[in-house]
Amino acid sequence: MNVVDLFAGCGGLSLGFARQGFNVVGAFEFWEPAADCYRANFDHPVSDVDLSNVALAVEAVGAFSPDVIIGGPPCQDFSQAGKRVEAERANLTQCFAEIVAVVRPRCFVMENVERCRSSRAFAAARRFFKGAGYGLTEIVLDASRCGAPQKRKRFVCLGVQGVADGFAAEIFESRLSKKPTTPRDYFGESLPFEYYYRHPRNYNRRAVFSVDEPAPTMRGVNRPVPKGYPGHPNDACSLAERPGIRALTTAERAQIQTFPADFRWVGTKTDVEQMIGNAVPVKLAEFVAETLKIFLGKTCVYDYLV
Ligand SMILES: C[S@@+](CC[C@H](N)C(=O)[O-])C[C@H]1O[C@@H](n2cnc3c(N)ncnc32)[C@H](O)[C@@H]1O
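This part takes up the overall build of the protein chain. Looking only at helices and strands, the protein chain has 10 helices and 9 strands in total. At 19 Å, the protein chain has a C-alpha radius of gyration in line with the 19 Å of a compact globule built from 306 residues. On the principal axes, the C-alpha backbone points of the protein chain span a range of 60 × 35 × 35 Å. Within the span of the protein chain, comprising 306 residues, buried residues form 43% of the whole. Partitioning the intrachain contacts of the protein chain with sequence separation of at least 6 by distance along the chain shows that 69% fall at a separation of at least 24.

Shown next as structure tokens:
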């Protein structure tokens with residue numbers, strides 16, 4: 001099945017779908033550093049069309065005649081890190097839906113932060129999806145129960161033409177791991193540390209984590225332990241007792257996001273950290289892709305898969 005990835009970033013979602021046998025034929029990303037990084041890892045074209053221009057986007061995306069459109073519209077305006085207002089960027093969720101509704105691939109997958117689910121932008125997007133004849137499965141997935149060693153909750157809306165709503169809910173539920181994955185589960189005993197520092201948004205939150213619990217959400221910035229870090233009662237251990245504790249490196253963060261070690265990270269450190277924080281964990285993308293594949297197999301359209 002031919003897939004086009006919208007708002008592709010460095011390609012976490014694309015990589016997960018490719019690993020599950022989907023044929024990714026095109027990507028759309030207008031932030032040059034991310035597009036360059038994507039190009040370094042995939043052979044298909046990356047377009048810089050601004051996807052807020054729906055008419056132009058429909059023409060460019062439609063040219064691929066995709067069977068599946070996947071994408072994670074930017075989520076800053078929904079996310080805890082954002083201003084909690086639904087501003088212009090949130091409307092890109094609606095742009096995604098409008099593009100899907102006109103191009104009308106057999107299936108689509110939209111990924112976003114958890115808060116997207118109850119937003120006005122998603123309510124509008126939903127109307128476009130339903131008006132275009134899609135059955136929807138809407139679910140919040142925790143990446144740590146989908147094979148990634150990270151607690152990262154993401155809203156996923158899966159659409160397939162002409163089927164009943166909730167079509168893949170049972171498949172999703174039955175495939176979630178009972179126990180969340182930890183870095184020690186994922187990396188084995190090769191980890192060079194037991195504890196690490198993840199800079200908190202404010203000091204009301206903990207900052208020291210153990211490799212025996214799912215890692216916290218990898219964000220777009222990575223800071224070293226500041227001088228005079230006051231500590232937090234819920235830190236996995238006290239920095240004063242273990243002064244060697246450090247922040248994760250860029251490469252370690254990428255691996256917690258389940259990118260393979262040979263993924264080529266192109267760009268400045270700041271840009272790469274941002275791409276890593278923006279990405280869908282590859283294992284989560286694979287989990288969603290495989291769920292879609294299982295559903296399509298059950299409905300006898302598995303033959304579409306290349
Ligand atoms: C949440 S990130 C996507 C991450 C990606 N799905 C992955 O797994 O790596 C959203 C991306 O949308 C891009 N973007 C934002 N507005 C855009 C627009 N109007 N047109 C095209 N791309 C846009 C951003 O540059 C950013 O890289």
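Buried residues dominate strand β7 (residues 153–161), accounting for 7 of its 9 residues. Where strand β5 (residues 107–113) and β7 come together, 7 bridges link them in antiparallel fashion. Its bridge partner lying in β7, Val113 is registered against Arg154. With 9 bridges joining them, strand β6 (residues 134–142) and β7 adopt antiparallel strand pairing. Across the sheet, the residue bridging to Thr137 is Leu158, located in β7.

Residue-level pLDDT values for the protein chain average 93, and 92% of them are 70 or greater. Taken together, the stretch residues 302–306 has pLDDT below 50 and engages in 10 contacts with residues farther than four places along the chain or on a different chain.

What counts, and where the lines are drawn
Residues numbered from 1 in each chain as written. Predicted model: local features only at pLDDT ≥ 70, side-chain atom pairs only at ≥ 80, totals over all residues. Helix = DSSP H or I, 4+ residues; strand = E, 2+ residues; numbered from the N terminus. Rg over C-alpha atoms; globule rule 2.2 N^0.38 Å. Buried ≥ 20, exposed ≤ 12 C-beta atoms within 10 Å, placed from the backbone. Contact = placed C-beta atoms within 7 Å. Pairing = 2+ DSSP bridges. pLDDT = per-residue confidence, 0-100.

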